[in-house]
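Now for the letters of each chain:
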Amino acid sequence: MPFLQNQNDIFVLDLGDGENRLHPDWIAAVNSALDEVEKNEGPGALVTVANGKFYSNGLDLDWLSAHRDQHNDYIAAVQALYARFLALPVMTVAAIQGHAFAAGAMLSLAHDFRVMRADRGFWCLPEMDINLPFPRGMAALVQSRLSPQTAHEAMLTARRYGGTDAQAAGIVDHAVEEASISETALTIAHANLAKAGETLGITKSRMYATVLATLRDSSNPRG
């Protein structure tokens, strides 16, 4: 399960060492960690990391298949989690050491910055290939964080972007060697420690007001 550590005012949230799918218990653990981040007073930043082959492989489809009656509530919870990251009053950095697919790729987009391994791993939105329409909130998130051309290609073609290609497309900010992923992410976080606080949270909320409203709309989360 995800766990949080504080390293000299930088919160490091470890998402896990498996596929890190967004199981309801996993979502609850991440929300609990974000509660701790939001309680912090003074300088702060958040870096999310993972271990192994995956950063996150997206929705927990096995859980969904076994709980079809909770589909709407589940999608609402996932989109609400994206909203929390997007409006968090600290700078956030996703350190993508492995594959980031579907809902896991979108989780990375809810961060302020992304660092990805250059030589291995893919960032991909495979929804078109698996015949799964994007919920309104997820579509809005992707389109708010990527250029129109990149969002169009990523959403409609299910292209798998390696780290270098992802950087060229503006999906990630840095594509680096494996050994430099954490260091680069922590450097970005450290440079933005002093920006944490109410002003940052208000600015994010105003920048992404429309997207946040869509992500938080639980009345018809699948659209």
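Preceding this paragraph is the structure being described.
Residues numbered from 1 in each chain as written. Predicted model: local features only at pLDDT ≥ 70, side-chain atom pairs only at ≥ 80, totals over all residues. Heavy atoms only, no water.

Quick notes on the pattern of salt bridges
Note on pairing: side chains with opposite charge can pair once their charged atoms come close.
Okay, so step 1: Applying the stated criterion to the full structure yields 10 salt bridges.
Okay, so step 2: In this structure, the salt-bridge partner of R84 is D35, at a minimum N-O distance of 3.0 Å. Placement of R84 in helix α3 (residues 71-87) and of D35 in helix α1 (residues 24-39) is noted, with a sequence separation of 49 residues between them.
Okay, so step 3: For D35, a relative accessible area of 35% translates into the label partly exposed.
Okay, so step 4: Note that E178 and R117 form a salt bridge whose closest N and O atoms lie 3.4 Å from each other. (Salt bridge = Lys/Arg side-chain N within 4 Å of Asp/Glu carboxyl O. Helix = DSSP H or I, 4+ residues; strand = E, 2+ residues; numbered from the N terminus. Buried < 20%, exposed > 50% of the residue type's maximum accessible area, 1.4 Å probe, protein only.)

Notes on helix α6 (residues 148-157)
Okay, so step 1: Those residues of α6 lying buried are T150, A151, A154 and M155. Buried residues of α6, viewed axially, fall in a sector of 115°; they line one side. α6 presents P148, Q149 and H152 as exposed residues on the side facing more than 90 degrees away from its buried surface.
Okay, so step 2: On its buried face, α6 is in contact with β8 (123-124), α5 (136-145) and β9 (160-161).
Okay, so step 3: Backbone geometry just after α6 places A158 at a positive phi near 60°. (Arc of directions from axis to C-beta. Contact = heavy atoms within 4.5 Å.)

So, the sheet that holds β8
Okay, so step 1: Strand order in the open sheet formed by four strands is β4-β6-β8-β9, and the pairing between neighbours is mixed. In this open sheet, the two edge strands, each paired with only one partner strand, are β4 (54-56) and β9.
Okay, so step 2: Sheet topology note: the strand β6 (residues 99-101)/β8 ladder contains two bridges and is parallel. Directly across from A100, in β8, lies its bridge partner W123. (Pairing = 2+ DSSP bridges.)

Focus on the side chain of T184
Okay, so step 1: Among the secondary structure elements, T184 is positioned in helix α8 (residues 181-191).
Okay, so step 2: A polar contact is formed between the side chain of T184 and the backbone oxygen of S180, at a distance of 2.7 Å.
Okay, so step 3: With residues near it in sequence (within four places) discarded, T184 still touches V115, H174 and V176. (Polar contact = N/O pair within 3.5 Å; in protein donor to acceptor, adjacent residues only side chain to side chain.)

Some points on the packing of aromatic side chains
Okay, so step 1: In total, this model carries two aromatic pairs according to the counting rule given.
Okay, so step 2: Residues W123 and Y161 carry aromatic rings whose centres are separated by 6.2 Å and whose planes lie at 70° to one another, so their mutual orientation is edge-to-face. Of this pair, W123 sits in strand β8 while Y161 is found in strand β9, placing the two residues 38 residues apart along the sequence. (Phe/Tyr/Trp six-rings, centres within 6.5 Å; stacked < 30°, edge-to-face > 60°.)

Description of unusual backbone geometry
Okay, so step 1: The backbone of N8 sits at a positive phi, close to 55°, despite the residue not being glycine.
Okay, so step 2: Positionally, N8 belongs in the loop between β1 (3-7) and β2 (10-14).
Okay, so step 3: Notably, N20 is not glycine yet its phi reads approximately 55°, a positive angle.
Okay, so step 4: Of note, N20 is situated in the loop between β2 and α1.
Okay, so step 5: Look at N20 and you get buried, because its relative accessible area is 7%.

Description of the nonpolar core
Okay, so step 1: Core analysis: the biggest nonpolar cluster contains 58 residues, and L46, Y74, Y82, F85, W123 and L125 have the highest contact counts within it.
Okay, so step 2: Considering each element in turn, this core owes the most residues, nine residues, to α3.
Okay, so step 3: With sequence-adjacent residues up to four places away left out, W123 is seen in contact with I96, A100, A105, S108, L109, M116, L146, A154, R159, R160, Y161 and I171.
Okay, so step 4: In terms of nonpolar packing, the next biggest core, distinct from the first, is built from 14 residues, I10, V49, I181 and L193 among them. (Core = buried A, V, L, I, M, F, W, Y, C linked by side-chain atoms within 4.5 Å.)

A look at the layout of surface pockets
Okay, so step 1: Roughly 480 Å³ of internal volume is contained in the largest pocket.
Okay, so step 2: Looking at the largest pocket, it is lined by 24 residues, and the ones nearest its centre are L59, L61, L64, I130 and L132.
Okay, so step 3: Elements with a minimum of two residues in the lining of the largest pocket: α2 (61-66), α3 and α4 (103-109).
Okay, so step 4: Examining the composition of the lining of the largest pocket, we find that three residues originate from one element, α2, more than from any other.
Okay, so step 5: Considered class by class, the residues forming the lining of the largest pocket number 15 nonpolar, four polar and five charged. (1 Å grid on protein atoms, 1.4 Å probe; cavity = no way out; pocket = protein on both sides within 12 Å on 5 of 7 lines; lining within 4 Å. Points joined across faces, edges and corners; volume = space filled by probe spheres on them. Nonpolar A, V, L, I, M, F, W, Y, C, P; charged D, E, K, R; others polar.)

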